[in-house]
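Listed below, chain by chain, are the residues.
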Amino acid sequence: MYAMAMALMCLRQLRPLLHNSLSGLVRPPLQVPLRHTALMLNGCRQCVVHQTMLTRHLATKKAKAKSKGETQARVNINAALVEDIISLGEVNGEMQAVVEVLKEEFGKNLNIRTSPGALDHITVTTKDGKFPLNQLGQISLKSPQLIIVNMASFPENTAAAIKAIRESGMNLNPEVDGIIIRVPVPKVTREHRENLAKLAKQLTNKAKDSLRKVRSNAVNHVKKAKSTVSEDTIKLVEKQIQQMADDTAAEMDKLLAGKTKELLG
């Protein structure tokens, strides 16, 4: 009963306001002093409370939305000042080493151009150890669809070379003629290009896993210094390391985009 009485009171007090608003369609609206509005709403404190809560909620959502759109401030720590905590130069070197490995993987496994160098990365296992194919045989391009490997210098390794070419993952089926290995190069189809693009993505994801390990190891190393430096310093160095990792990952994404465009045309 009390709730219904309060609701009726609110409606009675708000009726003049509604009347004035509708009258404003015909004549200029009346200016209601703020103190009168406060008095009219005083009889319905729940209305005021709900209005205040709604206003705060909308303001909070707006602030959060604005903060999401803002760019995070970049950190630029002088590496010399934190050498007693960690060598940022070494961390950066390890991250760049991961990028270089990715570049090598791209060059070895994603080459669609027919050239003698396309077989250079193939490693041949012999009784004397492992050697690059181009150190055991003379590689030449007879035509865009045929590569020749002359094993005259190491004829005893011809069989091992054939096995290495077949197991290279390049979808090659070499043929032997004495000490001459003929390697027909299959025509590059759209399907093959798409498979190479998928492989490029897989290699990039693998590289990012290695990058995360480098970042994780660096952060763990920094945390060991908590007993000797302030927590704010630790957080700042960790943020610098994360920023370096993000920059390196962006570099990998750029390499992947370029290679994908090259493969798919």
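Calculation rules
Residues numbered from 1 in each chain as written. Predicted model: local features only at pLDDT ≥ 70, side-chain atom pairs only at ≥ 80, totals over all residues. Heavy atoms only, no water. UniProt positions renumbered as here; feature names shortened; annotations may be inferred. Helix = DSSP H or I, 4+ residues; strand = E, 2+ residues; numbered from the N terminus. Buried < 20%, exposed > 50% of the residue type's maximum accessible area, 1.4 Å probe, protein only. Contact = heavy atoms within 4.5 Å. Areas by Shrake-Rupley, 256 points an atom, 1.4 Å probe, with all protein chains shown as cover. Core = buried A, V, L, I, M, F, W, Y, C linked by side-chain atoms within 4.5 Å. Pairing = 2+ DSSP bridges. Axes fitted to C-alpha atoms, helices over the stretch in contact; angles between N-to-C directions. Expected span 1.5 Å × (residues − 1). Arc of directions from axis to C-beta. pLDDT = per-residue confidence, 0-100.

Identification of the chain as Ribosome-recycling factor, mitochondrial from Chrysemys picta bellii is taken from an unreviewed UniProt entry. The Sequence similarities (unreviewed entry) comment attached to the chain in UniProt states, word for word, "Belongs to the RRF family." In its Function (unreviewed entry) section, the UniProt entry covering the chain states "Responsible for the disassembly of ribosomes from messenger RNA at the termination of mitochondrial protein biosynthesis. Acts in collaboration with GFM2. Promotes mitochondrial ribosome recycling by dissolution of intersubunit contacts."

Caption draft 1: Spatial organisation of the overall build of the chain. When you go through the chain residue by residue, the secondary structure sums to eight helices and six strands. In the chain, the order of α-helices and β-strands from amino to carboxyl end is α-α-α-α-β-β-α-β-β-α-β-β-α-α. Across the 265 residues that make up the chain, the buried fraction comes to 28%. Long-range contacts, defined as pairs at least 24 residues apart, comprise 65% of the intrachain contacts of the chain with a sequence gap of at least 6. Total accessible area computed for the chain in this model is approximately 18300 Å², and 56% of it derives from carbon and sulfur atoms.

Caption draft 2: Just the nonpolar core, in detail. Grouped together as the largest cluster of nonpolar side chains are 33 residues, with contacts concentrated most on I86, M95, V237 and I241. When contributions to this core are tallied by element, the ones reaching two or more residues are α4 (88-109), α7 (190-223) and α8 (231-264). The greatest single-element share of this core, amounting to ten residues, is contributed by α7. Beyond its immediate sequence surroundings of up to four residues, I86 is in contact with V91, A218, H221, V222, V237 and I241. With 19 residues, the next largest nonpolar core counts V124, L133, I139 and I162 among its residues.

Caption draft 3: Spatial organisation of the sheet that holds strand β6 (residues 180-184). Taking strand neighbours across the sheet as the criterion, the four strands line up as β3-β4-β6-β5 in an open arrangement whose pairing is antiparallel. Two strands bound the open sheet, and with one partner strand each, they are β3 (138-143) and β5 (175-177). Put simply, the sheet's adjacent strands are angled 25° from each other on average, direction ignored. Of the strand pairs in this sheet, β5 and β6 are connected by three bridges, and their pairing is antiparallel. When the sheet's bridge partners are listed, V176 is paired in β6 with I181. Against the sheet, helix α6 (residues 158-166) touches β5 and β6, its axis set at about 10° to β6.

Caption draft 4: Focus on α4. For α4, spanning 22 residues, the distance from its first C-alpha to its last is 32 Å, which sits close to the expected 32 Å at 1.5 Å a residue. Residues of α4 that are buried: L88, V91, M95, V98, V99, L102 and F106. The buried residues of α4 occupy an angular sector of 90° when projected down its axis, which confines them to one face. Relative to its buried face, α4 has exposed residues pointing more than 90 degrees away, namely G89 and E90. Contact partners of the buried residues in α4: α7 and α8.

Caption draft 5: Region of the structure containing the confidence of the model for the chain. Per-residue confidence for the chain gives a mean pLDDT of 78; residues scoring 70 or more make up 71%. Mean pLDDT in the chain bottoms out at helix α2 (residues 34-42), which sits at 39, and peaks at α8, which reaches 95. Note that residues 18-62 has pLDDT below 50 and, in this model, 16 contacts with residues that lie over four places away or in other chains.

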